Structure formats: structure tokens, C-alpha cells
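# Examination of the molecular architecture
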Amino acid sequence: MKSLAIVGGAGRMGQALAEGLGTLGEFSLVALVDQIEPRDLFGASFATSLDELEPSKLDVVINFSSPEGVVASATWCAKNGVALVIGTTGLSPEQRESVQVAAAHVGVVMASNFSIGAVLSERFAAQAAPYFERVEIVELHHDRKVDAPSGTSIAAAEGIAEARRRAGLSPLEDPTTRHTVEGARGADVVDGVKIHSVRLPGLVAHQEILFGSAGEGLTIRHDSFDRQSFVHGVALAANAVDATPRFLDGIASLIP
Ligand code: NAD
């Protein structure tokens, strides 16, 4: 049974993971690390820094905090030979570099989406991409999300564009030539694959990938209704990673 510490343990994701990973029976939750005291400790101890913990009692640090928190965890894990799973998004190139440096010393998995359904929908979209004339993505999130479009939709667009390129298809050209209002046709992220971002209270994280050809359509929809949707992907990553140096970008390779 692997022993875990969750950095960002007082946050929305930290609390959901502490609850969800605890109930799987595969892990021992040692500590929740945060700048503020968590609402619920789920049987773990509370620490304000990884420095307060005994490295020999930990197998994996899970980080869902802030980009600065990721750098601190990467440095600590590399120094102490503890594996690292990172879900925090919004890292700068320099902060990503510090993760790469850590991966030269310990195992690191970093993913912008730990939901297994989201990873599979990206895979299915790449599979469908060569067979349809056009594709557009609609991503829908709660109104507290500060970035747009979502990292998940950008990754899906890149996967679709790559699959189209491999099939010898040209970049998509927008049939709309007259834009009455700028922005109505969404963001052109890669090779003309449009992404439309919706932000509404009450939503969590949702995405529709819409394919169209003459006479037929295919919609691949994924919904994260709850933060528990990330638990199984984080568990996969925590089970896969150990102190052996390596870097895993995303969890797709962990889902055969
Ligand atoms: P949140 O604001 O609710 O929680 C973040 C917590 O981290 C807070 O309690 C904060 O005090 C703590 N924190 C910040 N900096 C810290 C540091 N240096 N040391 C210790 N604790 C620190 O945010 P959230 O909704 O839980 O999301 C956290 C991160 O996870 C965000 O970057 C979000 O985009 C990302 N996220 C990723 C996925 C995924 O599948 N990869 C899914 C959901 C959220």
C-alpha cells in the first residue's frame, strides 16, 4: 500500500482526492499539506510544508495546489527521492523546467486532465478525425475558471489536428467569410480546429467534440459532474510512479 501526501490538501481538489483516494483502499494517506488548514483531514495529519514530513514514510506526493507549490514539491521530491504526481495547471515554461529537472531524479507524472473519460474521448476523437470533413469543439466549465480555452480542449484539438495531418488532410478552412461580430466563430487553436468556450455557474467540466460530414454527424461528449471524476486517474498515476527517474506527460499511456 503506497503512502501519499497531498499538497493543496485544503483545496477543492485536495479535499476531493483525500476523500476519494482514501475510500479506494489502495493508499495510506499520510498528510495533507497546505498553507491553510483543511476542512477535513480524512484521518491524515496536517502540515504547512513538505519539510515537516519524514521522506522515508512517503512513496508519492500528489500536487493540486499552485504553480509555485509545484516548484517547491518538485524540489523536495527530487532531493528526497519521493515520486510526484502533478495535476496543477497554469505552469510557466520555467516552472515546467523545474519539473523536468525533478524527473531526472524521481518518477513524475504530470497531467492536465486526470479524468479517464476525458482521456478516452480525446483518443476516440483522434480515431474519428480522418473520417470527417469538419470538426469543432465546445468546452463548458464553471464560471470560476480563469483560463480559456481549457487545457483539455487544446490537447483534444492538437490530437485531432495531428490525426488529420497523418491522414494527409489539409488544415480546416473556415467557411464563414463575413464575421458580423468578431469572435462568433470561436478560437482557432491549431490547423483550423475551432474551440468555443462556455462559462456558467453550476457547470463543472464538460466537452463536446462535434464531427460533421455530408449526411452524418458524430458527437463525443464527456462530463465531469463532480471532482471525484479525477480520483481514478490520480490513483492510476500514483500506482504507476515510483522513485525511478522518468517523466510521464499525461495518463493516456496508463490506459491500454
Ligand atoms: P483550490 O484553490 O481550491 O485549491 C488549491 C489549494 O492549494 C489551496 O488550498 C491553497 O491554499 C493551496 N496552495 C496553493 N499554493 C500552495 C503552496 N505553495 N503550498 C501548499 N499549498 C498551496 O484549487 P483547486 O480547484 O483544488 O485546483 C488546484 C489545481 O488543480 C489548479 O491548478 C487546477 O487547475 C488543477 N486541476 C487539475 C485537474 C486535473 O485533472 N489535472 C483537475 C482539477 C483541477
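Predicted model only: the values in this text are computed from it and were never measured.

## Quick look at the side chain of His141
Relative to the assigned elements, His141 resides in strand β7 (residues 134-141). For His141, the side chain forms a polar contact with the side chain of Glu139, separated by 2.7 Å. The contacts of His141, once residues within four sequence positions are left out, are Ser150, Val198, Arg199, Leu200, Leu203, Val204, Ala205 and His206.

## Details of the site of the ligand
As a structural note, the neighbourhood of the ligand is formed by 21 residues, with Met13, Asp34, Ser66, Thr89 and Phe114 the closest of them. The separation between a nitrogen atom of the ligand and a polar main-chain atom of Gly87 is 3.0 Å. A distance of 3.0 Å separates a nitrogen atom of the ligand from a polar atom in the backbone of Ala111. Contact with the protein chains removes 77% of the 870 Å² of surface that the ligand exposes when unbound. Its residues assigned to classes, the shell around the ligand shows eight nonpolar, eleven polar and two charged.

## Side note on the environment of Val231
Considering the arrangement of structural elements, one finds Val231 in helix α6 (residues 231-240). The exposure class assigned to Val231 is buried, which follows from its relative accessible area of 3%. Each residue touching Val231, except ones within four places of it in the same chain, is listed here: Ala16, Leu17, Gly20, Leu21 and Leu24.

## Re the sheet that holds strand β6 (residues 107-110)
Hydrogen bonds between backbone atoms are what pair the strands of a sheet, whose relative direction is either parallel or antiparallel. The strand order across the open sheet built from seven strands is β3-β2-β1-β4-β5-β6-β12, with neighbouring strands paired in parallel fashion. Whereas interior strands pair on both sides, the edge strands pair on one side only; in this sheet they are β3 (45-47) and β12 (246-249). For this sheet the average axis-to-axis angle between neighbouring strands, irrespective of direction, equals 20 degrees. As paired elements, strand β5 (residues 83-86) and β6 share three bridges and run parallel to each other. In the sheet register, Ile86 faces β6, and the bridge partner there is Met110. Packing against the sheet, helix α3 (residues 93-103) makes contact with β5, β6 and β12, and its axis sits at approximately 145 degrees to β6. Against the sheet, α6 engages β1 (2-7), β2 (27-33), β4 (60-63), β5, β6 and β12, with an angle of about 125 degrees to β1.

Thresholds, definitions, all that
Numbering of residues starts from 1 in every chain and runs along the sequence as written. Local features in this predicted model are restricted to residues whose pLDDT is 70 or higher, and side-chain atom pairs enter the listing and the counts only when it is 80 or higher, whereas totals over whole chains, interfaces and linings include all residues. Hydrogens and waters are ignored; side-chain quantities use all the structure's heavy atoms. A run of DSSP states H or I qualifies as a helix once it reaches four residues; a run of E qualifies as a strand once it reaches two. Both are numbered from the N-terminal end. The definition of a polar contact used here is a pair of N or O atoms within 3.5 Å, where within protein one atom must be able to donate a hydrogen and the other to accept one, and adjacent residues in sequence count solely through side-chain atom pairs. We call two residues contacting when some pair of their heavy atoms lies within 4.5 Å. By convention in these notes, a residue is near a molecule or strand provided one of its non-hydrogen atoms lies within 4 Å of it. Surface exposure here means Shrake-Rupley accessible area, sampled with a 1.4 Å probe, where a residue is shielded only by the protein chains that are shown. Any residue that is not Ala, Val, Leu, Ile, Met, Phe, Trp, Tyr, Cys, Pro, Asp, Glu, Lys or Arg is counted as polar, Gly included; the first ten are nonpolar and the last four charged. Only protein chains enter the calculation, and the probe is 1.4 Å; a residue is then buried if its accessible area is under 20% of its type maximum, exposed if over 50%, and partly exposed in between. At least two DSSP bridges between two strands are needed for those strands to be called paired. Inter-axis angles, ranging from 0 to 180 degrees, are taken between N-to-C directions of lines fitted to C-alpha atoms, where helices are fitted over the stretch in contact.

These results come straight from atomic positions and should not be treated as a statement about function.
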